[in-house]
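Each chain, letter by letter, is given below.
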Amino acid sequence: MWDAIWVNGRLATMALEIHAAPYGAIEDGALAVDGGVIAWVGPRGDLPGAPETLARAVHDLDGRWLTPGLIDCHTHLVYGGDRAAEFEARLEGASYQDIAEAGGGILSTVAATRAASEDALFQAARPRLEALIAEGVTTVEIKSGYGLDLDNELKQLRVARALGAALPVTVKTTFLGAHALPPEFAGRAEAYIDAVVAMLAEVKASGLADALDAFCEKIAFSPAQTARVFEAARTHGLPVKLHADQLSDLGGAALAARFGALSADHLEYASAAGVAAMAEAGTVAVILPGAFYVLRETQPPPVDCFRQAGVPMALATDCNPGSAPVTSLLLMLNMGCTLFGLTPEQAFSGVTRHGARALGLGASHGTLEAGKAADFAVWDIARPAELAYRLGFNPLAYAVKDGVIGAN
Ligand code: DI6
Ligand code: FE
């Protein structure tokens with residue numbers, strides 16, 4: 001006997017290689033769960049018996065859609081303070097770069113994060129994560145990068161892990177020590193990179209980080225400095241990701257690809273050579289329409305090139321206090337379509353199968369397939385395109401995390 005079975009609904013499996021229909025859809029499907037894992041998926045007519053003879057609990061979907069749980073593969077949601085005043089300053093004429101160069105921006109969040117206790121950071125981050133979960137998110141990545149010294153980076157990473165332990169969501173953590181130059185290293189970027197390399201050994205030993213990320217940009221770190229941090233990550237066997245080509249083309253996409261990065265993220269200014277290198281390396285493009293929108297960027301990422309080259313595109317919130325105060329992944333589906341020209345199916349792939357791959361979770365998450373985690377969402381919609389079509393409306397009926405029906 002399985003633990004539970006869901007019947008009488010439509011499944012968007014997103015297993016596009018297995019089920020040819022758009023969204024890998026199965027009309028009148030059935031999905032069984034056992035021990036927190038998907039035990040069986042297919043058309044109800046193929047079940048080996050009546051549902052009540054196969055599982056201890058039978059759930060009627062009433063014709064609703066069941067999809068993989070959503071995956072937000074790029075967030076900075078653990079931080080202190082907020083940046084509403086900076087938002088005002090930008091609307092009065094200052095640019096994101098002006099503010100960063102004047103010591104505001106990321107560094108103001110660094111000061112607030114350093115000053116906050118672990119509990120205060122947890123309490124501040126919790127509602128942001130709960131907002132994501134309320135829209136069917138079952139896996140989220142959380143970066144450090146607002147501590148910029150060992151104790152404060154570890155503090156952020158511990159809070160991220162604690163959030164994952166407290167809430168029905170899988171949390172993957174990323175060490176982003178090379179996010180900005182902290183004030184005590186002003187004018188000494190190389191020395192700070194040495195410090196990041198030293199921190200990395202401790203972070204790795206702590207077991208608190210699943211990957212490493214860096215911000216390669218004129219207002220942050222150069223490609224050579226980024227490469228030094230990536231070399232260190234390679235030594236420690238930590239997968240890498242990169243904030244690449246967000247504000248200018250520094251060759252970040254190609255650099256990420258050269259190190260076999262799980263993903264390169266942002267990518268508005270990625271070059272054709274960068275895209276080709278990513279295709280070759282199997283690096284996922286994580287596109288972040290919330291930051292593009294908030295910063296009122298005008299150059300979209302090269303979506304057509306990614307499509308033509310076969311680079312998988314993931315879509316995420318980039319939830320952070322500066323460039324993306326965003327806690328809605330459904331809104332990112334809409335913006336991915338409206339601002340960047342993704343189809344609703346491509347956008348949905350970006351928050352499921354490709355989001356999983358951007359976190360190194362492609363084998364266990366992101367599609368409805370037997371053997372994968374029983375993470376899924378049940379929606380009051382008539383067709384999956386509705387998830388991208390509407391703005392500011394949440395049609396989630398409920399989510400299931402590791403086989404357990406959530407409270408959302
Ligand atoms: N790029 C981003 O979008 C965030 N970090 C980064 O490197 C922004 C972080 C912030 O403004 O606080
Ligand atoms: Fe980011």
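Please read all numbers here as calculations on a predicted model, not as lab measurements. (Residues numbered from 1 in each chain as written. Chains lettered and ligands numbered in written order. Predicted model: local features only at pLDDT ≥ 70, side-chain atom pairs only at ≥ 80, totals over all residues. Heavy atoms only, no water.)

Asker: Would you take a moment to explain the environment of Leu-167 for this structure?
Answerer: Relative to the elements of secondary structure, Leu-167 occurs in the loop between helix 6 (150-166) and strand 8 (170-178). A residue is classified by how much of its surface remains accessible, and Leu-167, at 10% relative accessible area, is buried. As for Leu-167 and Ala-20, which are separated by 147 residues in sequence, their C-alpha atoms are 35 Å apart. (Helix = DSSP H or I, 4+ residues; strand = E, 2+ residues; numbered from the N terminus. Buried < 20%, exposed > 50% of the residue type's maximum accessible area, 1.4 Å probe, protein only.)

Asker: Got a minute to help me understand the packing of helix 7 (residues 189-206) against helix 8 (residues 223-235) in this structure?
Answerer: How two helices pack is summed up by the angle between their axes together with the distance between the axes. Between helix 7 and helix 8, whose axes approach to 10 Å, the crossing angle comes to 15°. It follows that helix 7 is roughly parallel to helix 8 by the angle criterion. By crossing handedness, the relation of helix 7 to helix 8 is classed as right-handed. Here Ala-189, Glu-190, Ile-193, Asp-194, Val-196, Val-197 and Leu-200 of helix 7 lie close against helix 8, whose contacting residues are Gln-225, Arg-228, Val-229, Ala-232 and Ala-233. A breakdown of the residues in the contact of helix 7 with helix 8 according to their chemical character gives eight nonpolar, one polar and three charged. (Axes fitted to C-alpha atoms, helices over the stretch in contact; angles between N-to-C directions. Parallel < 35°, antiparallel > 145°, perpendicular 65-115°, else oblique. Left-handed = near helix turned anticlockwise from the far one by under 90°. Contact = heavy atoms within 4.5 Å. Nonpolar A, V, L, I, M, F, W, Y, C, P; charged D, E, K, R; others polar.)

Asker: Teacher, can you tell me more about the pairing of strand 5 (residues 65-68) here?
Answerer: Every other side chain in a regular strand lies on the same face of the sheet, so the side chains alternate between the two faces. Pairing of strand 1 (residues 2-12) with strand 5 involves two bridges; the strand directions are parallel. Bridging across to strand 5, Arg-10 finds its partner in Trp-65. Relative to strand 14 (residues 376-379), strand 5 is paired through four bridges, and the arrangement is antiparallel. Across the sheet, the residue bridging to Thr-67 is Ala-377, located in strand 14. (Pairing = 2+ DSSP bridges.)

Asker: For this particular structure, what's the right way to read unusual backbone geometry?
Answerer: Note: most peptide bonds trans; most residues except glycine with negative phi. Backbone geometry at Asp-245 places phi at a positive 55°, although glycine is not the residue there. One can find Asp-245 in the loop between strand 10 (241-244) and helix 9 (252-258). Under the relative-accessibility criterion, Asp-245 is labelled buried at 1%. Not every positive phi belongs to a glycine, and Asp-402 is a case in point at roughly 50°. Along the chain, the position of Asp-402 falls in the loop between strand 15 (396-401) and strand 16 (404-405).

Asker: What am I meant to see in the coordination of the iron ion (ligand 2) here?
Answerer: Metal coordination angles have textbook ideals: 109.5 degrees for a tetrahedral set of four donors and 90 or 180 degrees for an octahedral set of six. Those donors, His-74 (NE2), His-76 (NE2), His-243 (NE2) and Asp-318 (OD), are the protein atoms that reach the iron ion (ligand 2), and they lie 2.1 to 2.2 Å from it. The site at the iron ion (ligand 2) holds four donor atoms, and with the angles between them running 80 to 168°, its shape is irregular. In the primary structure, the donors to the iron ion (ligand 2) are separated according to the pattern H-x1-H-x166-H-x74-D. Taken as a pair, His-243 in strand 10 and Asp-318 in the loop between strand 13 (313-315) and helix 13 (329-340) lie far apart in primary sequence, 75 residues in all. Residue classification places His-243 among the buried positions, given a relative accessible area of 4%. (Donors = N, O, S within 2.8 Å, 3.2 Å for Na, K, Ca; no water. Tetrahedral: all angles 85-135°; square planar, octahedral: opposite > 155°, others 65-115°.)

Asker: Before we go on, may I ask you to explain the environment of Ala-377 in this structure?
Answerer: Summarising the element assignment, Ala-377 is placed in strand 14. Taking the relative accessible area as the measure of exposure, Ala-377 reaches 0% and is therefore buried. Between the C-alpha atom of Ala-377 and that of Lys-401, which follows or precedes it by 24 residues, the distance is 8.7 Å. Not counting the four nearest positions on each side in its chain, Ala-377 is found in contact with Trp-65, Leu-66, Thr-67, Pro-68, Gly-69, Gly-136, Leu-396, Tyr-398 and Ala-399.

Asker: Sorry, what's going on with the sheet that holds strand 12 (residues 284-287) here?
Answerer: Sheet strands pair via backbone hydrogen bonds, and the direction of the pair is either parallel or antiparallel. Strand order across the open sheet formed by eight strands is 6-7-8-9-10-11-12-13, with parallel pairing between neighbours. The sheet terminates laterally at strand 6 (70-72) and strand 13, the two strands that pair on one side only. Each adjacent strand pair in this sheet contributes to an overall mean axis angle of 25°, direction not counted. Taken together, the five bridges between strand 7 (residues 137-143) and strand 8 define a ladder with parallel strand orientation. Bridging across to strand 8, Ile-142 finds its partner in Thr-173.

Asker: How should I be thinking about the site of ligand 1 in this particular structure?
Answerer: Ligand 1 sits among 14 residues. The nearest are Arg-83, Tyr-96, Tyr-146, His-179 and Asp-318. The contact in question runs from an oxygen atom of ligand 1 to an N or O atom on the side chain of Arg-83, over 2.8 Å. Between an oxygen atom of ligand 1 and a side-chain N or O atom of His-266, the distance comes to 3.2 Å. Here ligand 1 loses 100% of its free accessible area of 320 Å² to cover by the protein chains. In terms of residue class, the shell around ligand 1 is made up of four nonpolar, eight polar and two charged. (Near = heavy atom within 4 Å. Polar contact = N/O pair within 3.5 Å; in protein donor to acceptor, adjacent residues only side chain to side chain. Areas by Shrake-Rupley, 256 points an atom, 1.4 Å probe, with all protein chains shown as cover.)

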